[in-house]
Amino acid sequence: MSKRKPQRARPTKGTPPAGKNAVGPVSKRAAEPAGLRVARNLYQCGRYDEALRKFDELVRQSPNDIRLLIDAARAHAGRHHHSRCHALLERALRLAPRRHDIQFLVGESYRMLGAASEAERCFRKACLLAEGFVPAQVELANLCERRHLLDEAQNLVSRVLRSQPQFPPALVLFGRIARRLGKVDSAESALRQCLAHNCPPATAAEAWGELILLYDEQAQYDQAWDAARQCKRLLLPSADAAWHAAQFVQQRFARFYDELRPSHLQRWLHNATNQTDQVTLLAGFPRSGTTLLEQVIASHPDVLACEEQDVLSADVFPKLGRDRPPDYPVELLLDELPSDRVTEMQTYYLQEMASRQRTERGARMLFDKNPALLPMVPVLWRLFPSARVLVAVRDPRDVIVSCFLRYLPVTPVSVHFLDMTWLADKYVHDLRCWLKLREISPATLWDEVRYEELVADFPAVTRRAIERLGLAWDPSILDYRQQLSSRRPVHSPTYDAVAKPVHRGAIGRWRNYSQQIGPVLEKLMPLVESFGYSC
């Protein structure tokens with residue numbers, strides 16, 4: 001594939017709060033309330049507090065406008081204001097309890113918020129109110145598939161395809177379900193049918209992503225790699241903004257680690273406020289085994305697990321530097337933090353993480369799983385000097401192969417996965433940060449968990465990880481898979497893998513693609529050796 005970097009992005013004024021077209025009109029049949037466009041524009045410009053105040057003002061003026069209630073709810077969902085979003089959506093449902101379109105839109109809004117059970121409830125009711133209502137059937141099938149209810153998901157999507165045989169999202173979903181059920185021919189046929197009908201680029205990229213997994217599972221490695229190249233080719237044109245955002249952050253943290261000294265950590269770790277909260281971060285690099293490890297530890301009764309919530313990086317860190325230039329040196333920013341700002345951000349982080357899980361923390365450990373946060377460990381320690389850090393480690397060659405052979409929507413993290421050179425550079429940057437940090441930080445604050453050891457002796461390595469976190473061992477943790485269908489759907493793209501028994505099949509996977517990754521192996525070899533993997 002082309003090695004060109006994305007063209008310079010045109011300036012943007014913010015993003016929708018949660019997903020494409022997250023804030024938009026419910027219906028164009030009636031005139032919009034005065035001021036609604038103003039509220040939307042404020043949100044799009046990133047002036048979130050002003051936008052939410054405007055939305056709430058409009059709701060007070062027109063409390064029975066269903067379209068306005070849903071728009072306001074979606075804006076609050078984008079800022080993870082769960083209680084406010086929930087109240088607005090439930091009011092909309094009370095105003096129109098028998099309208100299938102409102103049930104669907106409310107369900108969409110709950111899905112954007114990550115409230116899967118509420119979303120499922122709305123989609124199911126929409127399907128009952130309007131038999132054959134395709135959008136609700138597809139959404140419900142998606143939720144069922146993510147919850148590993150594959151038979152129900154297949155029945156739903158099959159009904160959709162009987163009425164709309166060429167509907168691209170349904171074809172992709174049917175292909176995914178068929179692949180997971182081992183129906184190889186049916187899966188490939190549906191996915192190829194989707195690609196043959198000139199579907200939108202994002203949908204086509206997702207279809208190619210399913211073909212990657214299908215071919216890899218069938219040991220058709222050349223076809224899998226070709227499918228990955230096709231998938232990335234379709235995603236590249238939309239990568240500009242994410243690429244430039246990623247490069248700004250990576251260069252800033254590269255400078256930070258160049259300047260980082262043991263004396264910095266000594267000051268930050270000993271400059272503690274009254275921290276009594278138990279916080280653990282699970283980091284590493286995507287596709288290093290973090291999802292498996294998180295699902296295991298999340299099954300512990302004393303753990304509140306928060307999966308891939310960008311509170312630390314997207315909310316807390318910008319607030320730490322709210323009175324500094326965007327490129328202000330990170331080491332100076334952390335050094336100069338006043339104690340009241342530290343206390344404020346501790347409280348904000350803990351409350352925000354608990355809010356996104358819609359629960360009270362109680363005395364449980366907060367377990368923040370986010371593989372992209374590895375370079376930000378010093379920021380966490382500045383706020384929580386006794387926080388524990390688990391780092392998932394895996395053979396670097398297996399990591400980059402696994403990352404490349406995945407379809408992911410383009411973000412400032414996943415944009416690196418569009419090209420093997422970008423991916424290798426990102427991996428080297430993040431893991432070099434960790435190697436430096438583990439040399440200069442107290443060994444009592446961190447532990448590494450090797451993926452290869454975890455799958456080779458799952459009970460022993462799991463028990464060691466649990467006990468190193470200061471938690472009592474609970475044998476029921478080993479039965480974590482029994483809880484998957486009753487827990488919230490896993491956010492990680494590898495949600496389907498955690499439903500399978502632990503196995504060693506992914507160890508040494510890179511050898512199937514040794515020729516394709518040959519051009520970047522030289523970059524990876526120092527890290528292969530540093531982590532003790534055989535050459």
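Residues numbered from 1 in each chain as written. Predicted model: local features only at pLDDT ≥ 70, side-chain atom pairs only at ≥ 80, totals over all residues. Heavy atoms only, no water.

A. Structural view of the overall build of the chain. A count of helices and strands for the chain gives 24 helices and 5 strands. For the chain, with 535 residues in total, the buried portion stands at 54%. Residue pairs at least 24 apart in sequence account for 72% of intrachain contacts in the chain once pairs closer than 6 positions are excluded. Within the structure as shown, the chain displays about 23,400 Å² of accessible surface, and the carbon and sulfur contribution to it stands at 49%. (Helix = DSSP H or I, 4+ residues; strand = E, 2+ residues; numbered from the N terminus. Buried < 20%, exposed > 50% of the residue type's maximum accessible area, 1.4 Å probe, protein only. Contact = heavy atoms within 4.5 Å. Areas by Shrake-Rupley, 256 points an atom, 1.4 Å probe, with all protein chains shown as cover.)

B. Focus on the sheet that holds strand β2 (residues 303-307). Spatial strand order, β2-β3-β1-β4-β5: 5 strands in an open sheet with parallel pairing. The open sheet has two free edges, formed respectively by β2 and β5 (446-450), since each of these has just one partner strand. Here the average twist between neighbouring strands, direction ignored, is 20 degrees. (Pairing = 2+ DSSP bridges. Axes fitted to C-alpha atoms, helices over the stretch in contact; angles between N-to-C directions.)

C. Representation of the packing of aromatic side chains. Scanning the model with the defined rule gives 15 aromatic pairs in all. For the ring pair Phe253 and Phe256, a centre distance of 5.8 Å and an interplane angle of 85 degrees mean the geometry is edge-to-face. With Phe253 and Phe256 both in helix α13 (residues 240-259) and 3 residues apart, the pair spans about one turn of that helix. Looking at Phe253, the relative accessible area reads 5%, which means it is buried. Between the aromatic rings of Phe256 and Tyr257, the centroid separation amounts to 5.2 Å while the plane-to-plane angle is 70 degrees, which identifies the pairing as edge-to-face. Of the residues examined, Phe256 reaches a relative accessible area of 1% and is grouped as buried. Across from the ring centre of Tyr451, 4.8 Å away, lies the NZ or CZ of Arg394, which sits over that ring. Cation over ring: Arg450 sits above Tyr533, and NZ or CZ is 5.0 Å from the ring centre. (Phe/Tyr/Trp six-rings, centres within 6.5 Å; stacked < 30°, edge-to-face > 60°. Lys NZ or Arg CZ within 6 Å of the ring centre and 35° of its normal.)

D. Structural context of the confidence of the model for the chain. Across the chain, the average pLDDT comes to 87, with 87% of residues at 70 or higher. Note that residues 1-5 has pLDDT below 50 and, in this model, 13 contacts with residues that lie over four places away or in other chains. Confidence drops under a pLDDT of 50 for residues 7-25, and excluding neighbours within four residues, the segment shows 39 contacts in the predicted structure. (pLDDT = per-residue confidence, 0-100.)

E. Here's a closer look at the pattern of salt bridges. In the structure shown here, the tally under the stated rule is 29 salt bridges. In this structure, Lys54 and Glu57 form a salt bridge, with 3.7 Å as the shortest nitrogen-oxygen distance. Pair noted here: Lys54 and Glu57 are both in helix α2 (residues 48-61), with a separation of 3 residues, about one helical turn. Residue Lys54 is classed as partly exposed on the basis of its relative accessible area of 22%. We note a salt bridge from Arg111 to Glu108, for which the minimum N-O separation is 4.0 Å. In this pair, Arg111 and Glu108 are both assigned in helix α5 (residues 100-113), 3 residues apart and thus about one turn of the helix distant. Under the relative-accessibility criterion, Glu108 is labelled buried at 16%. Where salt bridges share partners, they join Arg176, Arg179, Glu206, Glu210 and Glu217 into one cluster. (Salt bridge = Lys/Arg side-chain N within 4 Å of Asp/Glu carboxyl O.)

F. Geometry of the environment of Leu149. Along the chain, the position of Leu149 falls in the loop between α7 (134-146) and α8 (150-163). According to the relative accessible area criterion, Leu149 is partly exposed, its value standing at 27%.

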